[in-house]
Amino acid sequence: MQKMFKLASKIQCDVLIIGAGGAGLRCAAHILEKRPGTRIIAVTKVAHPQKSHTSTAQGGLAAVDPKDAVDQPIYHMFDTWKGSDCMADQDVVRKIVDAAWEEIVWLENKGMHFTRDEEGRLSKRTFGGHTVRFGEASAFRAVFEADRTGKGIMDNVWGEALKGGVTFLDQTILTELLLQGDRCVGAVLFMEKPGDFMAVSAKATVLSTGGCGQVFRVTTNCRQNTGDAHAVVLQAGLPLMDMEAVQFHPTGIVGPGILASETLRSVGGILRNKDLEPFMARYAPKMKELAPRDLVARAIETEIREGRGILNPDHNIEHVWIDLRHLSDYVHEVQIPEVSGFFKQFMNLNPRTQLCPVRPSNHYQMGGIPTNSFGEVQRSPDTIVSGLYAAGECGCASFHGFNRLGTNSILELITMGRFVGERVVLHLDEAPGALPADAGERTFSQFGGYLELKQKENVEQIREEMRRMMTEQVGVFRTEEGLKTAIQALSAAKDRLREAGLRCKDLRMNQELVQRWELDNLLSVSMVIAQGALRRRESRGGHARSDFPQRRDQFNAHTLAYMVEFGKIRFENRPVNMSIFETKGDHFDKFGLIERKY
Amino acid sequence: MKESYSLTLDVKRYDPDTRISWMQTYRIEAGRILRFTDVLRKINKELDPTLAWNSSCEHAQCGSCSVVINGRPMLACELLVENAVAHFGTTTFTIEPITVAPVLRDLMVDLEKAYDRVHRIRPFIIRPAQNPNQGQEYRISPRVMEGYLEATRCINCFCCATACISSHKGFLGPNAVMASLVRIMDPREDATADRLKQLYSEEGVYRCHSSMACSHVCPKEIDVAHFVALVKEGDFR
């Protein structure tokens, strides 16, 4: 069967950007500003760049305004370090925080519609974990565009990329990275619309494909966030870093997984179980609903596990209630109109008179493709693959360590996108490397296999079971026993997939084919998450082991995981950069191995 | 309150291999608050994995899942089964692709082609206006922004363009006109004359017949026709 396949074309460009969301297109815009006329191809899996996951970010973008008399970059660095549970790399933290305001000005000057105060300056709001004077008071640090900050960023970087002359390949996926020795020379792509394979030679290849939230049953992530670049990187023999560091938001709306923001709890919403008991009092007698995210998420999960959850029959998911009925009309109308609206829109219920179903929802992957502070992809703790870069949620530099603060994600994607652009510009005068003779062979055998397999198993069925199992065993809580069960279940699912062939054999716009391929990617990523979680016998940030509830200094290192063959993982450690602490400048003592307590 | 509904979905299909188009009927039981994207996924799982449809964020923020349901363009991700039954007064639904671009397969259209119209209006600041605060943000009063902010909520789902009686021919379409108007009203844009020239050209607002269908179908409830009318009147600031 695979003999049928061939490369429909081989093309050349200067820069190949895979993933045309916020990070990828910020990178493109920077390159075109510095070097107009650079031939950039931006590839996106979605129908158009504007449909990227970046567009869904709501809250804001953290950045210290130099005109602010109170706030300082060192406070933002401290908050990020503390939030990360001592796993962010301090060189990266410093670089991103220092560049943050420049990026805000860039976005504004290019036309982003930030919300403004009466004087026409950018408004700022406060977010959990962002403080001034090292935790003393809340910082007003996040600029925003109403409740659609991500959309503002996306519209803007897409516009700039378009203006600069980027060539877009929509509905196209990355199936294979092309490496020659220690250099990346391009990639093999599959264009879904014509059903063609294509090899692209590039001086620089940038991975910016987003996260992998679809690993979990309930997630705030888009349908396309299936860890594609993660899986392709593994196949190429390169590592992934800290994949066990997954963030769960305590209150996702059951079914769609949309975020029901923290505001619901801060304005007085009460969490209740199936007996309508306000259970947070048992977990956090003083703070109750206002306890930190991870604690609330674990409390909800415990209620559900111990049989005090409620099953939603339509979505077949268990949840608890958030009770907003006692809140005044003013609160409903003025303080929580959007979230109230989501319950109405997606659950058909009225939060003023009815209980609302919520449960922890996967939100963000802190880990990803390891890079240095320039966004250059690493092949080992101290060597890079030249010509290969990663930025945005799929990359891991690491700015977030093991727990990300709200409003730091879109800051990270926009700054890292630019940093990658800066690095790429330095290499544009180099000659492109030759494509390997066997370019595409791996892809052909993978895709050919899908068409030849028996049609005994159902892809959607396996996918759904995998996501449910990952949520139960590798989600908010983890135990050795559960993780071992998960690893076995993933291997079993991989075996079943060998009998999950396609009914539609035509390659053009074949959704079945792409979903089959995505499931392979999801399984690979899940396996790395589960095994990384099993190896890390401690609790830290988003990684909570109920059998090892404390953080342990012996695990103060990033996990690098290599997996060429499914299930066979080799681990290495990458040290955490503590340069702010080590240079002993002002306030260096705040950047040691501090406790993450609020 | 019914817990679930027995739905009959007549879905328009197209196979690019044989170039045959046909209506296919699926009968499926669906819980009352499932969204149409959930129902389509259920069809993939239980009845037919080959049915192709598009979506991304699935909470009405990206505009990828627009389809025409019983004649009305809408986002499949925000239409709940029980609301659909109540709105259309039936449990039988016809689902067709939107009509502003060629169909690729089944319900998937070539959105890139639909976007050509948006690209034509140049959805960015063409020529930046002088910024008195060099190196800093422009100062823009919220009062000025009020005039166009609503239009920036557009997600280019093309529901309005599908409903628009003229958009299939030479018209830029309501969403593209609105995107250009945003930059005309935005004090940071200097190229307003270029923009107006296009909006008053052959492909511009005079193709609009003021049916106001755009406002009627907009999933974001933007009064699109209002903005098109502003262009017609030449009333911007």
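Brief notes about the overall build of chain B
Helix and strand counts for chain B stand at nine helices and seven strands. Sorting the 237 residues of chain B into buried and exposed places 49% on the buried side. Restricting the contact set of chain B to residue pairs at least 6 apart, pairs at least 24 apart contribute 64%.

Thoughts on the overall build of chain A
Within chain A, the secondary structure is distributed over 16 helices and 21 strands. Relative to the globule expectation of 25 Å for 598 residues, the C-alpha radius of gyration of chain A, 23 Å, shows essentially globular dimensions. The principal-axis extents of the C-alpha atoms in chain A amount to approximately 65 × 60 × 45 Å. Classification of the 598 residues of chain A by burial places 61% in the buried group. Here the contacts in chain A between residues at least 6 apart in sequence split such that 75% fall between residues at least 24 apart.

Description of the sheet that holds strand S3 (residues 61-62) of chain A
Sheet strands line up and pair through hydrogen bonds in the backbone, either parallel or antiparallel. Residue and element names in this part refer to chain A. Reading across the sheet, the three strands line up as S3-S5-S4 and stay open at both edges, with antiparallel pairing between neighbours. At either margin of the open sheet sits one strand with a lone partner, and together these are S3 and strand S4 (125-132). Sheet contacts for helix H2 (residues 73-83): S3, S4 and strand S5 (137-143); angle to S4, the most-contacted strand, approximately 90°.

With respect to the pairing of S4(A)
In this structure, S4(A) lies alongside S5(A), joined through four bridges in antiparallel fashion. Note on S5(A): the bridge partner recorded for Arg125(A) is Ala142(A).

Regarding the interface of chain B and chain A
Of the residues lining the interface, 51 residues belong to chain B; the matching set on chain A comes to 49 residues. Mapped onto the side of chain B that touches chain A, the elements with two or more residues apiece are helix H1 (36-46), helix H2 (81-88), strand S6 (103-105), helix H3 (111-120) and helix H4 (142-146) of chain B. In the side of chain B that touches chain A, the residues fall into 21 nonpolar, 16 polar and 14 charged.

Overview of the domain arrangement of chain B
All names here are of chain B. What the domain assignment reports for chain B is domain 1 (4-109) and domain 2 (111-233). Computed from C-alpha atoms alone, the centre-to-centre distance between domain 1 and domain 2 is 29 Å. Per element, the largest residue contribution to the side of domain 1 that touches domain 2 is four residues, and it comes from strand S4 (residues 72-75). For the side of domain 1 that touches domain 2, the per-class residue count stands at eleven nonpolar, four polar and two charged.

Some remarks on the domain arrangement of chain A
Residue and element names in this part refer to chain A. Taken as a whole, chain A is organised into domain 1 (250-364) and domain 2 (441-552). Residue-level contacts link five residues of domain 1 with four residues of domain 2. No other element matches the four residues that helix H8 (residues 293-308) contributes to the side of domain 1 that touches domain 2. Among the residues forming the side of domain 1 that touches domain 2, the class breakdown is two nonpolar, no polar and three charged.

What about unusual backbone geometry?
Residue and element names in this part refer to chain A. Following Ala 397, the chain continues into Ser 398 via a peptide bond in cis, with omega recorded as 10°. By secondary structure assignment, the location of Ser 398 is in the loop between strand S19 (395-396) and helix H11 (409-426). Despite not being glycine, Asp 85 shows a phi value in the positive range, around 60°. With respect to the helices, strands and loops of the structure, Asp 85 is situated in the loop between H2 and helix H3 (90-109). One non-glycine residue, Ala 146, lies in positive phi territory at about 45°. Along the chain, Ala 146 falls in the loop between S5 and helix H4 (149-164).

Section: the packing of helix H1 (residues 22-34) of chain A against H11(A)
Residue and element names in this part refer to chain A. With their axes 7 Å apart at the nearest point, H1 and H11 run at an angle of 40° to one another. Between H1 and H11, the angle falls in the class oblique. By crossing handedness, the relation of H1 to H11 is classed as right-handed. Within the contact between the two elements, H1 uses Gly 22, Ala 23, Gly 24, Arg 26, Cys 27, His 30, Ile 31 and Lys 34 and H11 uses Ile 410, Leu 413, Ile 414, Met 416, Gly 417, Arg 418, Val 420, Gly 421, Glu 422, Val 424 and Val 425.

Examining the nonpolar core
Buried together is how nonpolar side chains tend to be arranged in soluble globular proteins. Residues and elements named next belong to chain A. Counting 258 residues, the largest nonpolar core has Ile 17, Ala 28 and Ala 42 as the members making the most contacts within it. Looking at which element gives the most residues to this core, the answer is helix H15 (residues 511-535), with ten residues. When sequence neighbours within four positions are dropped, the list of residues in contact with Ala 42 reads Ile 17, Ala 20, Gly 24, Leu 25, Ala 28, Ala 161, Val 166 and Phe 168. Residues Phe 447, Leu 507, Leu 513 and Trp 517 belong to the second largest nonpolar core, which totals eight residues.

Focus: the packing of helix H5 (residues 228-235) of chain A against H15(A)
Residues and elements named next belong to chain A. Between H5 and H15, the least distance of the axes is 8 Å, while the angle of their chain directions is 75°. The angle between the axes of H5 and H15 places the two elements in the roughly perpendicular class. Where H5 approaches H15, its residues Asp 228, His 230, Ala 231 and Leu 234 are matched on the opposing element by Glu 518, Asp 520, Asn 521, Ser 524 and Val 525. Residue classes in the contact of H5 with H15 are distributed as three nonpolar, three polar and three charged.

Some points on H5(A)
Residue and element names in this part refer to chain A. Among the eight residues of H5, eight are classified as buried, and the element is accordingly described as predominantly covered. The complete set of buried residues in H5 reads Asp 228, Ala 229, His 230, Ala 231, Val 232, Val 233, Leu 234 and Gln 235. Against strand S1 (7-18), strand S7 (172-180), strand S9 (196-207), strand S10 (240-241), strand S16 (369-370) and H15 lie the buried residues of H5. Just beyond H5, the residue with positive phi is Gly 237, at close to 85°.

So, the sheet that holds strand S20 (residues 557-562) of chain A
Residue and element names in this part refer to chain A. The antiparallel open sheet is built from three strands, whose spatial order is S10-S20-S21. Here the strands that pair on one side only, and so sit at the sheet edges, are S10 and strand S21 (570-575). For S10 and S20, the ladder comprises two bridges, and the chain directions are antiparallel. When the bridges of S20 are listed, Leu 240 appears paired with Ala 561. Strands S10, S20 and S21 of the sheet are contacted by H15, whose axis makes an angle of about 135° with S20.

As for the environment of Gly195(A)
Residues and elements named next belong to chain A. Turning to its location among the elements, Gly 195 is positioned in the loop between strand S8 (183-191) and S9. Residue classification places Gly 195 among the partly exposed positions, given that 16 C-beta atoms sit within 10 Å. Beyond its immediate chain neighbours, meaning those up to four positions away, Gly 195 contacts Asp 506, Leu 507, Arg 508 and Asn 510.

A short note on the environment of Thr8(B)
All names here are of chain B. Secondary-structure assignment places Thr 8 in strand S1 (residues 4-15). We classify Thr 8 as partly exposed; it has 14 C-beta atoms within 10 Å. With 40 residues separating them in the primary sequence, Thr 8 and Asp 48 have C-alpha atoms 14 Å apart. Sequence-distant contacts of Thr 8, that is, excluding residues within four places in its chain, are made with Thr 25, Arg 27, Thr 91 and Thr 92.

Looking at the pairing of strand S3 (residues 66-69) of chain B
Residue and element names in this part refer to chain B. Where burial is concerned, the two faces of S3 agree: the one with Ser 66 and Val 68 and the one with Val 67 and Ile 69 are both buried. Bridge analysis of S3 against S4 gives four bridges, and the strand direction is antiparallel. Its bridge partner lying in S4, Ser 66 is registered against Leu 75. Between the end of S3 and the start of S4, which pair antiparallel, lie two residues, with Asn 70 showing a positive phi angle near 45°. With three bridges joining them, S3 and strand S5 (residues 92-97) adopt antiparallel strand pairing. From the neighbouring strand, Val 68 faces S5, where its bridge partner is Glu 96.

Re the environment of Gln247(A)
All names here are of chain A. Residue placement: Gln 247 occurs in strand S11 (residues 246-253). In this structure the C-alpha to C-alpha distance between Gln 247 and Asp 438, which are 191 residues apart in sequence, comes to 39 Å. Those residues in contact with Gln 247, other than ones at most four positions away along the chain, are His 363, Tyr 364, Met 366, Asn 403, Arg 404 and Gly 542.

Thresholds, definitions, all that
- Residues numbered from 1 in each chain as written.
- Chains lettered and ligands numbered in written order.
- Predicted model: local features only at pLDDT ≥ 70, side-chain atom pairs only at ≥ 80, totals over all residues.
- Helix = DSSP H or I, 4+ residues; strand = E, 2+ residues; numbered from the N terminus.
- Buried ≥ 20, exposed ≤ 12 C-beta atoms within 10 Å, placed from the backbone.
- Contact = placed C-beta atoms within 7 Å.
- Rg over C-alpha atoms; globule rule 2.2 N^0.38 Å.
- Pairing = 2+ DSSP bridges.
- Axes fitted to C-alpha atoms, helices over the stretch in contact; angles between N-to-C directions.
- Nonpolar A, V, L, I, M, F, W, Y, C, P; charged D, E, K, R; others polar.
- Domains from an automatic or database assignment.
- Parallel < 35°, antiparallel > 145°, perpendicular 65-115°, else oblique.
- Left-handed = near helix turned anticlockwise from the far one by under 90°.
- Core = buried A, V, L, I, M, F, W, Y, C linked by C-beta atoms within 7 Å.

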